[in-house]
Structures are given as structure tokens and as C-alpha cells.
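Here are the chains, one letter per residue:
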Amino acid sequence: MPGRVIFARQCAPCHGTAPGDDGSPMLPGTAALTAKYEGRLPGLLELRSDLSAPVLNLFVRRGSGAMPMFRKAELSDADLAAIADYLAATARENASLAGH
Ligand code: HEC
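From a predicted model like this one, the values you see are computed outputs, not experimental measurements.

## With respect to the UniProt feature "domain: Cytochrome c" (unreviewed entry) in the protein
- Feature annotation in UniProt assigns "domain: Cytochrome c" (unreviewed entry) to the following positions: residues 1-91.
- Between the first and last C-alpha atoms of residues 1-91 the distance is 20 Å; the span itself is 52% helix and 0% strand.

Listed below in C-alpha cells is the structure:
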């Protein structure tokens with residue numbers, strides 16, 4: 001399955017760009033990371049170029065604060081690698097659109 005599809009199913013419900021179900025202006029993952037980095041890094045994972053497969057592995061397998069952990073039965077190592085490739089590609093695309 002392509003990383004884009006896996007990300008859309010498993011991650012975008014919290015890390016997408018949409019407003020939250022509870023009327024909040026951002027989804028919880030996007031909101032938490034926007035607050036955490038205060039503009040030093042984007043709140044949106046798809047704009048981050050620093051999330052290599054090993055870094056993603058740490059956060060996704062262990063969880064982090066309000067972020068749940070994912071077991072291999074829910075999300076395989078291959079799925080996680082596909083997400084890492086997808087995030088690297090979207091970050092590159094965004095940087096080239098921005099002229100960097
Ligand atoms: C139930 C909501 C939820 C889901 C689903 C979710 N996340 Fe998160 N994620 C969060 C929240 C909230 C945080 C911020 C945690 C904190 O630091 O307080 C976070 C943090 C992260 C971070 C840490 C980034 C940083 O710089 O601290 C990464 C990486 C991440 N998520 C990746 C993913 C990936 C990949 C998926 C899909 C496999 C995913 N998340 C699914 C809610 C979620």
C-alpha cells in the first residue's frame with residue numbers, strides 16, 4: 001500500500017490539516033506539534049523533512065504524550081517505511097514549491 005494511503009488512514013485523522021471534530025481549529029496531532037515547536041518546525045508532519053524512518057519508528061512504536069503507540073500488527077515495519085518515504089517526498093515537494 002502506498003505511504004500516502006497508509007498515512008491518510010492511520011495518521012491524518014490526528015495529523016492532517018482539517019479542523020478537529022470538537023470544533024477546535026486543528027486536529028490534535030497538528031495542534032500539539034504546532035504548540036510544541038512554536039514555529040521552529042511545521043506542525044504538519046507532511047511538511048517536516050527531519051522525520052527519517054528511525055526517528056518515526058521511535059515515536060510511532062513507543063507513542064509520545066497524547067499520541068498512541070502502534071504495534072506491528074496494526075502497522076508493519078514496511079508500512080512505517082512507506083510513511084517515511086511519503087513524508088520525505090512531501091517535504092521535498094513543499095521545499096521546491098517554496099523555492100528552497
Ligand atoms: C490519536 C491521534 C494520533 C494519531 C492517530 C497519530 N498521532 Fe502522531 N501525534 C499525536 C499527538 C497528539 C502528538 C504530539 C505528542 C506530544 O508530543 O505531546 C503526536 C506526535 C507525533 C510525532 C512526534 C513529532 C515530534 O516532533 O515530536 C510523530 C513523528 C508522529 N506523531 C507520527 C505519527 C504517525 C506516523 C502516525 C500514523 C502512523 C501518527 N503519528 C498517528 C497524535 C496522533
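## Side note on the packing of helix H1 (residues 3-10) against helix H5 (residues 77-97)
- In contact at an axis separation of 8 Å, H1 and H5 are set at 100° when each is read in the N-to-C sense. As the angle between them shows, H1 and H5 are arranged roughly perpendicular. Two secondary-structure elements touch here, H1 through Gly3, Arg4, Ile6 and Phe7 and H5 through Asp79, Ala82, Ile83, Tyr86 and Leu87.
- Here the contact of H1 with H5 is composed, by residue class, of six nonpolar, one polar and two charged.

## Details of the packing of aromatic side chains
- For the structure shown, the criterion picks out one aromatic pair.
- Aromatic pair phenylalanine 7 and tyrosine 86: ring centres 5.6 Å apart, planes at 45°, arrangement tilted. Remark: tyrosine 86 occurs in helix H5 and phenylalanine 7 occurs in helix H1; sequence separation between them is 79 residues. A single burial state applies to phenylalanine 7 and to tyrosine 86, both of which are buried.

## Things to note about the site of the ligand
- In the region of the ligand, 22 residues are neighbours, and Cys11, Cys14, His15, Tyr37 and Met67 sit closest.
- Between the ligand and tyrosine 37, the relevant distance is 2.3 Å, taken from an oxygen atom to a side-chain nitrogen or oxygen of the residue.
- Of all the secondary structure elements, the ones that give two or more residues to the shell around the ligand are helix H2 (12-15), helix H3 (28-37) and helix H4 (53-62).
- Element by element, the count of residues in the shell around the ligand is highest for H3, at six residues.
- Grouping the constituent residues of the shell around the ligand by class yields 16 nonpolar, four polar and two charged.

## A closer look at the pattern of salt bridges
- Applying the stated rule across the entire model yields four salt bridges.
- Notably, a salt bridge pairs aspartate 77 with arginine 61, separated by 2.9 Å at the nearest N-O pair. You can see aspartate 77 sitting in helix H5 and its partner arginine 61 sitting in helix H4, a full 16 residues away along the chain.
- Here aspartate 77 falls in the partly exposed class, since its relative accessible area comes to 38%.
- What makes arginine 61 buried here is its relative accessible area of 16%.
- Of the charged contacts, one joins lysine 72 and aspartate 77 as a salt bridge, the two residues approaching to 3.0 Å between their closest N and O atoms.
- Through salt bridges that share partners, Arg61, Lys72 and Asp77 make up one connected network.

Reading guide: rules and limits
Residues numbered from 1 in each chain as written. Predicted model: local features only at pLDDT ≥ 70, side-chain atom pairs only at ≥ 80, totals over all residues. Heavy atoms only, no water. UniProt positions renumbered as here; feature names shortened; annotations may be inferred. Helix = DSSP H or I, 4+ residues; strand = E, 2+ residues; numbered from the N terminus. Axes fitted to C-alpha atoms, helices over the stretch in contact; angles between N-to-C directions. Parallel < 35°, antiparallel > 145°, perpendicular 65-115°, else oblique. Contact = heavy atoms within 4.5 Å. Nonpolar A, V, L, I, M, F, W, Y, C, P; charged D, E, K, R; others polar. Phe/Tyr/Trp six-rings, centres within 6.5 Å; stacked < 30°, edge-to-face > 60°. Buried < 20%, exposed > 50% of the residue type's maximum accessible area, 1.4 Å probe, protein only. Near = heavy atom within 4 Å. Polar contact = N/O pair within 3.5 Å; in protein donor to acceptor, adjacent residues only side chain to side chain. Salt bridge = Lys/Arg side-chain N within 4 Å of Asp/Glu carboxyl O.

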